[in-house]
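What the coordinates show
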Amino acid sequence: MTSKLGFIGAGHLASYTIAGLRRAGDQRDIILSPRNAEKAQQLSMEFDCRVAATNQAVVDAADIVILAVRPAHALAILSELQFRPEQCLISVVAGITVTQLRAAVQGDAEICRSLIVSSAAYNAGAVSLHPDNQVAQQLLGCLGEMVTLEIEKDFDLSLAAMCANGWMYKLVESLEKPMLDAGMPAEAARKLVVQSIVGTMAHIESEPGMDLNAVTKSIATPGTYTKLGLDMLEKQQAFTPWQDAIQSLLVAQSND
C-alpha cells in the first residue's frame, strides 16, 4: 500500500514538491496542514490534496511528513507534535540540523533532511539528502537527481549550490536582454538562451570528470566570437561575483 504523505507548511517548497510528485504520476494521498490556509486550499484543488484541521492531524494521518516551514518557526512547531516510531520526518528547512530536529521531535520517527528547489516541480535539477534514507529516496527520487551526503557539513554546503538555482533566472534575463533590445522576438531569444545553457549542462553531465577550463579553451580559440565574448567577461571579472555570492552563503552558514 502506498504511504500517505503529509506537509507541515504549504508554501513554495511544498508546492514544488507536490507538483513534481503529481507530474511524475504519484497519486498518493497528500494531507496539508492549515498553515497558509489560502495556499493550502489552492494546492488542494490543483493537485487533489486534502487539508487537515491541525498540524497534529497531518501527523496522525501520514506515514511520511515533510516539514516545509520557515526556519524561525520550525522547532517550535515540531515541539508541539507527537510522532509515531514508524514514521519518517523529512525536513526541507534550511539551517536546522538533524540533532536539533531530533531534540524537538516527540516520538521516535526517522529523521532526515533534504533541499528542494523550483526545478523539482518539473522533475529536474538536484535534490540533496542527509543522511541516506530509503523512504526519502523512494519518495523524492522522481523530483530530480538525488545527491546523498552522509556528512551533515557537506549537506549544509550544498545549500550554496542549490541557491544558485534561483540566480539562473537573472542570468537568463541578462543574456536575452541585448537580443531583445536589438529586436529579436522574445520567444526566439528565450529559447536560444535556455537551450544554449541546457545543451552545455547536458555535455558536462555526460562527463563528470570533465576539465571545464580545458573545454572552454578548446572552444574559445583566437579569432572566434566565443573568445571575444569570454575576453570581455574576464576583463570585467564577471565570474568573480558568482564565486563571491557562493562564499557569502558559506560564511553566513558558518555564523548561524
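A short tour of the structure in this document, coming up. (Residues numbered from 1 in each chain as written. Predicted model: local features only at pLDDT ≥ 70, side-chain atom pairs only at ≥ 80, totals over all residues. Heavy atoms only, no water.)

**Focus: the overall build of the chain**
Scanning the chain for helices and strands turns up eleven helices and eight strands. Each of the three principal axes of the chain carries a C-alpha extent, and together these read 65 × 40 × 30 Å. Within the span of the chain, comprising 256 residues, buried residues form 36% of the whole. Carbon and sulfur atoms make up 57% of the accessible area of the chain, which amounts to about 14,500 Å² in all. Each charge class in the chain was averaged separately, 19 positive and 28 negative side chains, and the resulting centres sit 5 Å apart. (Helix = DSSP H or I, 4+ residues; strand = E, 2+ residues; numbered from the N terminus. Buried < 20%, exposed > 50% of the residue type's maximum accessible area, 1.4 Å probe, protein only. Areas by Shrake-Rupley, 256 points an atom, 1.4 Å probe, with all protein chains shown as cover. Lys, Arg positive; Asp, Glu negative; His and termini not counted. Charge placed at Lys NZ, Arg CZ, Asp CG, Glu CD.)

**Brief notes about the sheet that holds strand β3 (residues 50-51)**
To summarise the sheet geometry, strands pair through backbone hydrogen bonds and adopt either a parallel or an antiparallel arrangement. Strand order in the open sheet made by the eight strands is β3-β2-β1-β4-β5-β6-β7-β8, with mixed pairing throughout. Only two strands of the sheet have a single partner each, and these edge strands are β3 and β8 (145-148). Across four bridges, the pairing between strand β4 (residues 64-67) and strand β5 (residues 88-91) is parallel. What sits directly across from Ile-64, in β5, is Cys-88. (Pairing = 2+ DSSP bridges.)

**Observations regarding the layout of surface pockets**
Considered as a void within the structure, the largest pocket measures approximately 2,800 Å³ in volume. Together, 49 residues line the largest pocket, and Met-168, Leu-171, Ile-197, Thr-200 and Met-201 are the ones closest to its centre. The dominant element in the lining of the largest pocket, judged by the number of residues it contributes, is helix α8 (residues 186-206), at eleven residues. Each pocket or cavity is described by its volume, and for the second largest pocket that value is around 630 Å³. His-12, Leu-13, Val-69, Arg-70 and Val-92 are, among the 26 residues lining the second largest pocket, the residues nearest its centre. When residues of the lining of the second largest pocket are traced back to their parent elements, those giving at least two are α1 (12-23), α4 (71-78) and α7 (152-181). Tallying contributions element by element places α7 first for the lining of the second largest pocket, with five residues. Classifying every residue of the lining of the second largest pocket by side-chain character gives 16 nonpolar, eight polar and two charged. (1 Å grid on protein atoms, 1.4 Å probe; cavity = no way out; pocket = protein on both sides within 12 Å on 5 of 7 lines; lining within 4 Å. Points joined across faces, edges and corners; volume = space filled by probe spheres on them. Nonpolar A, V, L, I, M, F, W, Y, C, P; charged D, E, K, R; others polar.)

**Let's talk about the pairing of β5**
Residues Cys-88 and Ile-90 of β5 are buried on one face, and the alternating residues Leu-89 and Ser-91, pointing to the opposite face, are buried as well. Summarising the sheet, β5 and strand β6 (residues 110-115) pair through four bridges and their orientation is parallel. Counted as the bridge partner of Ser-91 is Arg-113 from β6. Crossover β5 to β6 through helix α5 (residues 98-104) is right-handed. (Right-handed = clockwise from strand over helix to strand, strands pointing away.)

**So, the environment of Met-210**
For Met-210, the position within the fold is in the loop between α8 and α9 (212-219). Look past the residues within four positions of Met-210 in its chain and what remains in contact with it is His-203, Ile-204 and Val-215. (Contact = heavy atoms within 4.5 Å.)

**Some thoughts on the nonpolar core**
The biggest cluster of nonpolar side chains holds 31 residues, and the ones touching the most others in it are Ile-66 and Ile-90. Considering each element in turn, this core owes the most residues, five residues, to α1. Aside from chain neighbours lying at most four places away, what touches Ile-90 is Ile-64, Val-65, Ile-66, Leu-67, Cys-112, Ser-114, Ala-136, Leu-139 and Leu-140. Judged by nonpolar contacts, the second largest core, of 23 residues, contains Val-58, Leu-67, Ala-74 and Leu-81. (Core = buried A, V, L, I, M, F, W, Y, C linked by side-chain atoms within 4.5 Å.)

**Topic: the pairing of β4**
Look at any regular strand and the pattern is simple: side chains alternate between the two faces of the sheet. The two faces of β4 match: Ile-64 and Ile-66 on one face and Val-65 and Leu-67 on the other face are all buried. Here four bridges tie strand β1 (residues 5-8) to β4, and the two strands are oriented parallel to one another. In the sheet register, Phe-7 faces β4, and the bridge partner there is Ile-66. For the handedness criterion, the β-α-β arrangement of β4, α4 and β5 is classed as right-handed.

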